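One-letter residues, chain by chain:
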Amino acid sequence: MEKILLLDIPNYHRIDVYREHGGYETVKKAYSMSPDEVIDEVKKSGLRGRGGASFLTGLKWSFMPKTSDKPKYLCINGDESEPGSFKDRQIFEFNPHALIEGALIACYAIQAKAAYIYVRGEYHNWIEMLQKALDDAYSMGLVGEKMKETFQTPYECNIYIHKGAGAYICGEESSLMNSIEGKRPYPRVKPPFPAQNGLWGCPTTINNVETISNIPAIIKNGWQWFSRIGEPRHPGTLLFGVSGHVMKPGVYELPSGVLLTDLIYNYAGGVPGGKKIKCVIPGGSSMPPLRGDQIEGVKMDAESLKAAGSAIGTGGVIVMDEDTDLVRVLARITKFYYHESCGQCTPCREGTGWMLKALNRIARGQGTTSDLELLIDVAKNIEGNTVCALGDAAAWPVKFMITRFRDEFEKAVKKEVVMPVASMVHSMRHTALPLAELKKN
Amino acid sequence: MDFKFTEENLSRIESVRKKYPDSKAALMPVLYIAQEQNGYITREVMDEVALVLGIKAVDVLGVATFYTMYHTSPVGKYHLQVCTNVSCMLKGGYEMLEETVKKLGIGVNEVTPDGKFSIEEVECMGSCGTAPMMAVNNDYFENLTKEKLNEILDSLK
Ligand SMILES: Cc1cc2nc3c(=O)[nH]c(=O)nc-3n(C[C@H](O)[C@H](O)[C@H](O)COP(=O)(O)O)c2cc1C
Ligand code: SF4
């Protein structure tokens, strides 16, 4: 089976080994094409972003203005802080040169002056690995001012690594740009989109680490080759990170469209103790969870998961067995979003707090049925009413977990309904009992 | 308490600035350098960072207090970060946190009196496939068990 990123070649992270296998040769091929031809090749390949939204990469690149009096930039998103996602880390460790080579080609396609690779601060040791790879590429004249000579081209660009400092929100594209600029990293209101107004107000394209790392193989082998791997509507291989209750958790590079059950039972070795699956989150904690009885026949690609009522996200699959306490899981997920909300919009800042309080109440055995309604109500009020998608990411797990596992949440709460004051007054108007009687109860 | 960058760090700052078109963008790397030198980031440190970069102190404050990895109060020589997010939780993340608290006799966000250890409960660190995990300063320790955790803590001198 074909792999593109996590190859079984020893020491592939080393520049000498990478070059022995044809590494950095594809830059020459790309630079012999026009920038638009490179964009066209990526467009035709059908490559979709691996950072969560599965947006068409070639199309995104084509949004960049062809002429601009300002410099242009490429941002590469390696913030990787979505719970359940741990795939970009494998690229930093095992194939950093594919990322660097991909950056050289992508920069050329959009005519960027520089690329900034944003890596979460906790990945300190992986940043060092990537920095070593980058230093090697610089010293061989593959990046920076010596490129012109090496590749016999008038084009040159620089690649820099920017280290994050522990904030999930910096994975959001406009927050990431503010973070690089040294500003408080609040997400920006869109439009304008990064292609018009990105880093330092300049035209900017942002892509995920895995997305960019796929570029060299696409240019080397041609769009036809890539478009035939996996599901035609979401082609290529994906790095699936499987965690939770499985025998062999880890990152598996497989063609898109692999069956979710295949991934869990064949590749990740199934559930310990032969237990049944209660719940699977298929794409990182922000994506709607599926019931154990909903996963049969579900394929792992953007379109199939959408049809199944969830989303591919970052391909981080979290498996929970039949004994899992979903109230605790949802409370923990919600605590994460409460902690990571930047606080800029009221629905997200306040709503995540309310949801967390209600869920903790239920987890302590003090919740009531009306808490479930409250949770769904708050979630619906956050969704679509915020500056960035963190709001939706916080709302979805609550909304879908409670509706899809209603029985489990019902069991965890007390039956009596604590009526809000307004409805109490309203209901009194319709009662035949005298008020005095009611007050006694 | 006055804070001044060492000569060596000033030259590191100079080279970091070259990565960006303006000096404000060097703020995050410079805060890391400051934290490395001082252990944590005080108001005096922030003022000095502002001065060196030629930006406003309030802008430094806004950034330094936003991120969890910039410490505005002292942490231990070994800063223990235990993940309790979903994938770790499913594999015993909270048990690891409890064991750490029990063993060191301090609470989360506290430092031992000898200044050797501090504990932080952290969000997902990207170790979901090797859960549960704890980071000691910059180093990840994964696939933890209580025995392994105790061994690691005992080995930290
Ligand atoms: C709260 C939030 C966090 C995000 N975190 C990441 C991340 O860590 N890595 C990433 O590549 N994309 C992340 N994204 C998505 C980015 O905004 C952006 O869509 C993506 O980097 C584009 O790359 P792609 O087109 O290659 O997928 C996040 C989005 C949101 C709303
Ligand atoms: S939705 Fe939340 S995280 Fe996003 S900008 Fe608003 S408050 Fe900040």
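How each quantity is defined
- Residues numbered from 1 in each chain as written.
- Chains lettered and ligands numbered in written order.
- Predicted model: local features only at pLDDT ≥ 70, side-chain atom pairs only at ≥ 80, totals over all residues.
- Heavy atoms only, no water.
- Helix = DSSP H or I, 4+ residues; strand = E, 2+ residues; numbered from the N terminus.
- Rg over C-alpha atoms; globule rule 2.2 N^0.38 Å.
- Buried < 20%, exposed > 50% of the residue type's maximum accessible area, 1.4 Å probe, protein only.
- Contact = heavy atoms within 4.5 Å.
- Areas by Shrake-Rupley, 256 points an atom, 1.4 Å probe, with all protein chains shown as cover.
- Lys, Arg positive; Asp, Glu negative; His and termini not counted.
- Charge placed at Lys NZ, Arg CZ, Asp CG, Glu CD.
- Near = heavy atom within 4 Å.
- Polar contact = N/O pair within 3.5 Å; in protein donor to acceptor, adjacent residues only side chain to side chain.
- Nonpolar A, V, L, I, M, F, W, Y, C, P; charged D, E, K, R; others polar.
- Buried area = accessible area lost by both parts, 1.4 Å probe.
- Salt bridge = Lys/Arg side-chain N within 4 Å of Asp/Glu carboxyl O.
- pLDDT = per-residue confidence, 0-100.
- Phe/Tyr/Trp six-rings, centres within 6.5 Å; stacked < 30°, edge-to-face > 60°.
- Lys NZ or Arg CZ within 6 Å of the ring centre and 35° of its normal.
- Pairing = 2+ DSSP bridges.
- Core = buried A, V, L, I, M, F, W, Y, C linked by side-chain atoms within 4.5 Å.
- Axes fitted to C-alpha atoms, helices over the stretch in contact; angles between N-to-C directions.
- Arc of directions from axis to C-beta.
- Domains from an automatic or database assignment.

Trainee: What is the right way to look at the overall build of chain A in this model?
Mentor: Counting its secondary structure elements, chain A contains 21 helices and 9 strands. Since a compact globule built from 441 residues should have a radius of gyration of about 22 Å, the 24 Å found for chain A is in line with a globular shape. Structurally, chain A occupies a C-alpha span of about 95 × 50 × 35 Å along its principal axes. Scored against the burial criterion, the 441 residues of chain A give a buried share of 59%.

Trainee: Got a minute to help me understand the overall build of chain B in this structure?
Mentor: Assigned secondary structure in chain B consists of 7 helices and 4 strands. Across chain B, helices and strands are ordered from the amino to the carboxyl terminus as α-α-α-α-β-α-α-β-β-β-α. Overall, chain B is about 50 × 35 × 25 Å in size when its C-alpha atoms are taken along their principal axes. Here chain B holds 157 residues, and 55% of them are scored as buried. Pairs at least 24 residues apart make up 60% of the contacts formed inside chain B by residues separated by at least 6 positions. Of the roughly 7000 Å² of accessible surface on chain B, 50% is carried by carbon and sulfur atoms. Counting 16 positive and 23 negative side-chain charges, chain B places the centres of these two groups 2 Å from one another.

Trainee: Looking at this structure, how should I read the site of ligand 1?
Mentor: Residue and element names in this part refer to chain A. Neighbouring ligand 1 are 18 residues, the closest being G51, K60, E80, N208 and T211. E80 places a main-chain nitrogen or oxygen 2.9 Å from an oxygen atom of ligand 1. For the shell around ligand 1, the element with the most residues is strand β4 (residues 204-208), which contributes 3 residues. When its residues are assigned to classes, the shell around ligand 1 shows 4 nonpolar, 8 polar and 6 charged.

Trainee: Which parts of the structure should I look at to understand the interface of chain A and chain B?
Mentor: One frequent convention defines the size of an interface as the accessible area lost when the parts assemble. The interface of chain A with chain B comprises 56 residues on the first partner and 41 residues on the second. The contact between chain A and chain B buries some 3800 Å² in all, and 58% of this surface belongs to carbon and sulfur atoms. Of all residues in chain A, the largest losses of buried area upon contact with chain B belong to A165, R184 and R332 of chain A, amounting jointly to 17% of the total for that side. The interface formed by chain A and chain B includes 3 salt bridges.

Trainee: Can you help me understand the confidence of the model for chain A in this one?
Mentor: Detailed conclusions should not be drawn from predicted coordinates in areas where pLDDT is low. With 94% of its residues at a pLDDT of 70 or more, chain A shows a mean pLDDT of 95. In the model, residues 423-441 of chain A has pLDDT below 50 throughout and makes 5 contacts with residues more than four positions away in sequence or in other chains.

Trainee: Would you mind going over the packing of aromatic side chains with me for this structure?
Mentor: Describing an aromatic ring pair means giving the distance of the ring centres and the angle of the ring planes. Applying the stated rule across the entire model yields 26 aromatic pairs over all chains. Taking 5.5 Å as the distance between ring centres and 55° as the angle between the ring planes, the aromatic pair formed by Y123 of chain A and W126 of chain A counts as tilted. Each member of the aromatic cluster is reached from another via a ring pair, and the members are Y73, Y116, Y160 and W200 of chain A together with Y20 of chain B. Here the basic side chain of K163 of chain A rests over the ring of Y32 of chain B, its NZ or CZ set 4.2 Å away from the ring centre.

Trainee: I keep staring at the environment of V108 of chain B and nothing clicks. Help me out?
Mentor: Residues and elements named next belong to chain B. Take V108: it is sitting in the loop between α6 (93-104) and β2 (117-122). Residue classification places V108 among the partly exposed residues on the basis of a relative accessible area of 33%. As a C-alpha pair, V108 and P74 span 34 residues in sequence and 14 Å in three-dimensional space. Those residues in contact with V108 that sit more than four places away from it in its chain are L97, V101, I119, E120 and E121.

Trainee: For this particular structure, what's the right way to read the pairing of strand β1 (residues 78-83) of chain B?
Mentor: On a regular strand, one side chain projects to one face of the sheet and the next to the other, so that they alternate. All names here are of chain B. Of all 6 residues that make up β1, 6 are buried, and the element is covered over most of its length. As paired elements, β1 and β2 share 6 bridges and run parallel to each other. The residue bridging V82 from the neighbouring strand is E121, located in β2. As judged from the 3 bridges shared by β1 and strand β3 (residues 134-136), these two strands associate in the antiparallel manner. Looking at β3, one finds that Q81 is bridged to A135.

Trainee: Help me out: how do you make sense of the nonpolar core in this one?
Mentor: Across soluble globular proteins, nonpolar side chains have a tendency to be buried as a group. One finds F409 of chain A together with V49 and Y67 of chain B to be the most contacted residues of the largest nonpolar core, which totals 84 residues. Excluding anything up to four places from it in sequence, Y67 of chain B contacts Y118, A165, G166, A167, C170, S179, K183 and P185 of chain A together with M28 of chain B. Within the second largest apolar cluster, 75 residues are counted, among which are I15, I76 and L99 of chain A together with Y140 of chain B.

Trainee: Would you explain the sheet that holds β3 of chain B in this entry?
Mentor: In a beta sheet, neighbouring strands are held together by backbone hydrogen bonds and run either parallel or antiparallel to one another. Residue and element names in this part refer to chain B. Taken in spatial order, the 4 strands of this open sheet run β2-β1-β3-β4, and their pairing is mixed. Each end of this open sheet is capped by a strand with a single partner; those strands are β2 and β4 (139-141). Each strand axis lies, on average, 25° off the axis of its neighbour in the sheet, ignoring direction. Sheet contacts for helix α7 (residues 146-155): β1, β2, β3 and β4; angle to β3, the most-contacted strand, approximately 10°.

Trainee: Looking at this model, I keep getting lost on the site of ligand 2. Mind explaining?
Mentor: Taken together, 13 residues lie near ligand 2, and C342, C345, C348, T386 and C388 of chain A sit nearest. Across the shell around ligand 2, the residue classes break down as 8 nonpolar, 5 polar and no charged.

Trainee: Explain the sheet that holds strand β8 (residues 290-291) of chain A to me, please; I cannot follow it from the model alone.
Mentor: Residues and elements named next belong to chain A. Here we have 5 strands laid out as an open sheet, ordered β6-β5-β9-β7-β8, and mixed in their pairing. What marks the edges here is a single partner per strand, and that holds for β6 (250-255) and β8. Of the strand pairs in this sheet, strand β5 (residues 237-244) and strand β9 (residues 316-321) are connected by 4 bridges, and their pairing is parallel. Its bridge partner being in β9, G241 is matched across the sheet by G316.

Trainee: In this structure, what is going on with helix α1 (residues 7-17) of chain B? I would like to understand it.
Mentor: Working note: α-helix, 3.6 residues per turn, so residues spaced by three or four point in the same direction. All names here are of chain B. Along α1, the residues that are buried comprise N9, I13 and V16. Buried residues along α1 cover an arc of 65° about the axis, so they all sit on one side. α1 presents E7 and E8 as exposed residues on the side facing more than 90 degrees away from its buried surface.

Trainee: Before we go on, may I ask you to explain the domain arrangement of chain B in this structure?
Mentor: By domain assignment, chain B separates into domain 1 (7-66) and domain 2 (78-156). Between the C-alpha centres of domain 1 of chain B and domain 2 of chain B there is a distance of 29 Å.

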